[in-house]
Each structure stands twice: as C-alpha cells, then as structure tokens.
Amino acid sequence: DTEVTQTPKHLVMGMTNKKSLKCEQHMGHRAMYWYKQKAKKPPELMFVYSYEKLSINESVPSRFSPECPNSSLLNLHLHALQPEDSALYLCASSQESSAAHYEQYFGPGTRLTVT
Amino acid sequence: DAKTTQPNSMESNEEEPVHLPCNHSTISGTDYIHWYRQLPSQGPEYVIHGLTSNVNNRMASLAIAEDRKSSTLILHRATLRDAAVYYCILGYQGAQKLVFGQGTRLTINP
C-alpha cells in the first residue's frame, strides 16, 4: 500500500471557524510533510515531522497548527484563517526525512476555501 | 541553495519520446537530482531520482550529464496521461526538504 490519504477532499470555512485536516499513511514512513499550493504555483513546504517530532516550520503563521499524534497520522489544525489561505493543502510522507535519498509520496490534497 | 532551471512549457505528440531538460549549474557533488510530476487535480507523484549515473525505472529514464550541471528526463513513449507539470528538484545531502521550482508544463497532442 503506497497510498497517502487526506480528508476531507474539500473544505469551506469562515474566518472564525476552527477546522482540522487529516492525513494518514500506512507505509511505515517516519517523515511526514505539509505543503501549501496556490493555483498555478508549485507546492511550498510548511512543516516537516521526523519520528513524530516537528523538525521544520517554514515560518508558518500560528493560525496553522500541525500535530503528529502517531507515526501514521498527521493533522493540520486551522483557526482564524484569512481568505488568502485558500489553497490546496498537500500531505506527503517518506521513509526518512533525508531529501537526498528518499522519495516523497503525496496525498491528493484538501482544497480549502476560506470565506 | 542550488537552483534548477526548466523551460516553462513543452509540447509533444502521443507515442513519441519526450526529453525534458533541467539545468542545475550550481549543483554540489552530493546533491541528488529528483523528478516529480503533478497531473491535473492530483498531488505530485515521484518519477525518478539519481546522483551520477543514468537511471531507469518503469516510468522514465534520467540522463545525467557527466559534469552533473544538467539532466534530462526521458519519457520513452508519451501517452495522454503523461500531460502534467514536471518538476526537477535537487535533494541536498543532509537536508530534510525538497524545494519545488516552477516546473515544465508538458502538453501531449493526440
């Protein structure tokens, strides 16, 4: 099973709402990632988890709060978002977090719209 | 960080080979060359990666120049399903992240 699943597929939320995005993999990977992708742009890294610990935060605003409850699950908690946060949010995983050696497997993404 | 340069777009015909170029003139000796692609409305998909030698897998071949300053992703027989944005990315030794550039949008004509 080389699949990364993400739920929900689509999410519409108001600026005062709190919501969460969920990502799951069962490949035994120890590194997981959140990316943000705006239309017609490449994915931009937000967070890296390695062995369930946050290892990279790319200066992401605190209204985005990641969580890695166990090695298979990755959440992204959203609170007080702005309309410009509307984007495709992609989750990925890899065997280890070494960018040189290990390929990343991406989920299909959650299309988020903030109204 | 070493960067990659790719053409914004390319076009090819179905059932013909496609050669997608990538320049990375400031690559260091331990940087790996990765290729990913993103089909419409999907997450990126790993294609292939290599260090020095040419690499082949079921999806594509990666030809790396002897000086490693450029590489070419080869799709041997393009299908309509290969229409995607192709990203050439350097994987830095010791780094934990991949940095996506703008990529090449490949169009396949029937």
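This text follows the structure it describes.
Quick caveat: nothing in here was measured; it's all calculated off a predicted structure.

Participant: Which residues make up the overall build of chain B, and what values do they have?
Facilitator: On a plain count of helices and strands, chain B comes out with 0 helices and 9 strands. When the elements of chain B are put in sequence order from the N terminus, they spell out β-β-β-β-β-β-β-β-β. Here chain B has a C-alpha radius of gyration of 13 Å; the compact-globule value for 110 residues is 13 Å, and the two agree. In terms of principal-axis extent, the alpha carbons of chain B reach across some 40 × 30 × 25 Å. Counting across all 110 residues of chain B, residues that qualify as buried make up 46%. In chain B, the share of contacts with a sequence separation of at least 24, taken over all contacts with a separation of at least 6, comes to 56%. For chain B, the exposed area adds up to about 5500 Å²; of that, 47% sits on carbon and sulfur atoms. For chain B, the distance from the average site of its 9 positive side-chain charges to the average site of its 10 negative ones is 7 Å.

Participant: Quick rundown of the overall build of chain A? Include the residues and the values.
Facilitator: Secondary structure summary: chain A contains 0 helices and 11 strands in total. Put simply, chain A runs from its N terminus to its C terminus through helices and strands in the order β-β-β-β-β-β-β-β-β-β-β. Relative to the compact-globule value of 13 Å for 115 residues, chain A shows a C-alpha radius of gyration of 13 Å, a close match. C-alpha atoms of chain A, sized along the principal axes, occupy 40 × 25 × 20 Å. Every one of the 115 residues in chain A was classed for burial, and the buried ones make up 48%.

Participant: Mind laying out the interface of chain A and chain B, listing which residues take part and the relevant values?
Facilitator: Opposite the 25 residues of chain A that make contact, chain B presents 21 residues. Sorting the residues of chain A by area buried against chain B places A:Pro42, A:Ala99 and A:Ala100 first, and these three jointly supply 28% of that buried surface. Our count for the contact surface shared by chain A and chain B stands at 1 salt bridge. Taking the shortest distance from any N to any O, the salt bridge between A:Glu58 and B:Lys97 comes out at 2.8 Å.

Participant: Residue-level account of unusual backbone geometry, with values.
Facilitator: Residues and elements named next belong to chain A. A cis amide bond, omega -10°, links Thr7 with the succeeding residue Pro8. We note that Glu52 has phi near 70°; this positive angle belongs to a residue other than glycine. Checked against the element boundaries, Glu52 lands in the loop between β5 (44-50) and β6 (53-57). Classification of Glu52 as partly exposed rests on a relative accessible area of 33%. Of note in this structure, Ala80 is not a glycine but carries a positive phi near 60°. Among the structural elements, Ala80 can be located in the loop between β8 (73-79) and β9 (87-94).

Participant: Which residues make up the state of the cysteines, and what values do they have?
Facilitator: Residues and elements named next belong to chain A. What the rule picks out here adds up to 2 disulfides over all chains. A sulfur-sulfur separation of 1.8 Å characterises the disulfide bridge that pairs Cys23 with Cys91. An S-S torsion of about -70° defines the bridge between Cys23 and Cys91 as left-handed. Here Cys91 lies in strand β9 and Cys23 lies in strand β3 (residues 18-25), a separation of 68 residues in the sequence. For the pair Cys23 and Cys91, one class covers both residues: buried.

Participant: Can you lay out the sheet that holds β8(A) for me, pointing to particular residues and giving the numbers?
Facilitator: All names here are of chain A. Pairing within the open sheet is antiparallel, and its 4 strands lie in the order β1-β3-β8-β7. Strands at the two margins of the open sheet, each flanked by one partner only, are β1 (4-7) and β7 (64-70). When the angles between neighbouring strand axes are averaged without regard to direction, this sheet yields 20°.

Participant: Describe empty space enclosed by the protein, with residues and values.
Facilitator: All names here are of chain A. For the structure on display, the rule yields 1 cavity of 30 Å³ or more. In this structure, the largest cavity encloses a volume near 40 Å³. What lines the largest cavity is simply His29, Arg30, Ala31, Met32, Tyr49, Tyr51, Glu52, Cys68 and Ser71.

How each quantity is defined
- Residues numbered from 1 in each chain as written.
- Chains lettered and ligands numbered in written order.
- Predicted model: local features only at pLDDT ≥ 70, side-chain atom pairs only at ≥ 80, totals over all residues.
- Heavy atoms only, no water.
- Helix = DSSP H or I, 4+ residues; strand = E, 2+ residues; numbered from the N terminus.
- Rg over C-alpha atoms; globule rule 2.2 N^0.38 Å.
- Buried < 20%, exposed > 50% of the residue type's maximum accessible area, 1.4 Å probe, protein only.
- Contact = heavy atoms within 4.5 Å.
- Areas by Shrake-Rupley, 256 points an atom, 1.4 Å probe, with all protein chains shown as cover.
- Lys, Arg positive; Asp, Glu negative; His and termini not counted.
- Charge placed at Lys NZ, Arg CZ, Asp CG, Glu CD.
- Buried area = accessible area lost by both parts, 1.4 Å probe.
- Salt bridge = Lys/Arg side-chain N within 4 Å of Asp/Glu carboxyl O.
- Disulfide = S-S within 2.5 Å.
- Pairing = 2+ DSSP bridges.
- Axes fitted to C-alpha atoms, helices over the stretch in contact; angles between N-to-C directions.
- 1 Å grid on protein atoms, 1.4 Å probe; cavity = no way out; pocket = protein on both sides within 12 Å on 5 of 7 lines; lining within 4 Å.
- Points joined across faces, edges and corners; volume = space filled by probe spheres on them.

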